[in-house]
Amino acid sequence: MSNSDDIGHRLLLVRKIYGLTQRELSRRAGVTNGAISLIEQNRVSPSISSLKKILDGIPMSIAEFFTLDLVPSDEVFFRADELPDIAMDPKIIMKLLGRRSKGRAMQIMHEYYEPGADTGEAMLRHNGEEGGIIVRGTIQLTIGDKVQSLSPGDGYYFDSQLPHRFVNAGHEICEIVSANSPPSF
């Protein structure tokens, strides 16, 4: 097993990528700080259930833990055609900047919503904060019980744990440049 494949080293890297101390992760996961330390040093090998409990404190699935690319890039400049589209809806494009950047503490996206695009009736929720500025078009943004239609030059900033939804009810593509921290993609 290479260093990036062993569980202890992976846990250490994932914890650092998410900006968590051993103490914070142990508090979130309901395990001792010592247990995380021993796992990260490869002095003990966790059971699947123990690993799942620890990863729930990040939060991250076991599949994500083992498939996450932990070899970040040294790249600092990115061409438009190099930005991966991470949206799963054909009416939405979400180009992610710096996906493999070392120690990425924020996520920056260039988003496009075609007319009629909707992030879904099941509102989005995740850890962190997010904000963005509308570059062109309009977007109807729901945050909790607040609904607002935003136009070019308008912006938003909110706690991402609040349920939120983006809908392009207009007749032209809406373009947004957004950021959130910590990264959720």
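Residues numbered from 1 in each chain as written. Predicted model: local features only at pLDDT ≥ 70, side-chain atom pairs only at ≥ 80, totals over all residues. Heavy atoms only, no water.

Under the annotation held in an unreviewed UniProt entry, the protein carries the name Cupin domain-containing protein and is attributed to Acidithiobacillus ferrivorans.

## What about the overall build of the protein?
Within the protein, the regular secondary structure consists of 5 helices and 8 strands. Along the chain direction, N to C, the helices and strands of the protein fall in the order α-α-α-α-α-β-β-β-β-β-β-β-β. Structurally, the protein occupies a C-alpha span of about 60 × 35 × 25 Å along its principal axes. Buried positions account for 34% of the 185 residues belonging to the protein. Summarising the internal contacts of the protein: among those between residues at least 6 apart in sequence, 62% fall at separations of at least 24. Accessible area of the protein: about 10,800 Å², with a carbon and sulfur share of 55%. For the protein, the distance from the average site of its 20 positive side-chain charges to the average site of its 24 negative ones is 8 Å. (Helix = DSSP H or I, 4+ residues; strand = E, 2+ residues; numbered from the N terminus. Buried < 20%, exposed > 50% of the residue type's maximum accessible area, 1.4 Å probe, protein only. Contact = heavy atoms within 4.5 Å. Areas by Shrake-Rupley, 256 points an atom, 1.4 Å probe, with all protein chains shown as cover. Lys, Arg positive; Asp, Glu negative; His and termini not counted. Charge placed at Lys NZ, Arg CZ, Asp CG, Glu CD.)

## Quick look at helix H2 (residues 22–29)
Buried residues of H2: Leu-25, Ser-26 and Ala-29, and no others. Taken end-on, H2 shows its buried residues confined to a sector of 100 degrees, consistent with a single buried face. Turned more than 90 degrees away from the buried face of H2 sit Arg-23 and Arg-27, all of them exposed. Each element contacted by the buried residues of H2 is listed here: helix H1 (7–17), helix H3 (33–40) and helix H4 (48–56). Residue Gly-30 follows H2 closely and has a positive phi angle near 75 degrees. (Arc of directions from axis to C-beta.)

## Considerations on the pattern of salt bridges
Evaluated as defined, the whole model comprises 6 salt bridges. Of the charged contacts in the structure, one is a salt bridge between Glu-175 and Arg-136, with a shortest N-O distance of 2.8 Å. Taken together, the positions of Glu-175 in strand S8 (residues 174–181) and Arg-136 in strand S3 (residues 129–136) put the pair 39 residues apart, joining distant regions of the chain. Sharing partners across several salt bridges, the network here consists of Glu-24, Arg-27 and Arg-28. (Salt bridge = Lys/Arg side-chain N within 4 Å of Asp/Glu carboxyl O.)

## Quick notes on the environment of Ile-93
Looking at the secondary structure, you find Ile-93 in strand S1 (residues 92–97). For the pair Ile-93 and Glu-111, spaced 18 residues apart in sequence, the C-alpha separation works out to 5.6 Å. When neighbours within four sequence positions are excluded, Ile-93 is seen to be in contact with Asp-85, Ala-87, His-110, Glu-111 and Tyr-112.

## Some words on the domain arrangement of the protein
Considered domain by domain, the protein is made up of domain 1 (7–67) and domain 2 (80–181). The C-alpha centroid of domain 2 is placed 30 Å from the C-alpha centroid of domain 1. (Domains from an automatic or database assignment.)

## A look at the sheet that holds strand S7 (residues 164–167)
One open sheet holds the 3 strands; their spatial order is S5-S4-S7, and the pairing between them is antiparallel. Only two strands of the sheet have a single neighbouring strand rather than two, namely strand S5 (146–150) and S7. For this sheet, the mean inter-axis angle between neighbouring strands, taken without regard to orientation, is 15 degrees. Bridge count between strand S4 (residues 139–143) and S7: 4 bridges; the pairing is antiparallel. Along S7, the bridge assignment pairs Thr-142 with Arg-165. (Pairing = 2+ DSSP bridges. Axes fitted to C-alpha atoms, helices over the stretch in contact; angles between N-to-C directions.)

## Things to note about the layout of surface pockets
The space that makes up the second largest pocket amounts to roughly 410 Å³. Looking at the second largest pocket, it is lined by 23 residues, and the ones nearest its centre are Met-94, Met-109, Thr-119, Leu-124 and Phe-185. Elements supplying a minimum of two residues to the lining of the second largest pocket: S1, strand S2 (107–113), S7 and S8. Among the elements that make up the lining of the second largest pocket, the one with the highest residue count is S2 (4 residues). Considered class by class, the residues forming the lining of the second largest pocket number 12 nonpolar, 7 polar and 4 charged. (1 Å grid on protein atoms, 1.4 Å probe; cavity = no way out; pocket = protein on both sides within 12 Å on 5 of 7 lines; lining within 4 Å. Points joined across faces, edges and corners; volume = space filled by probe spheres on them. Nonpolar A, V, L, I, M, F, W, Y, C, P; charged D, E, K, R; others polar.)

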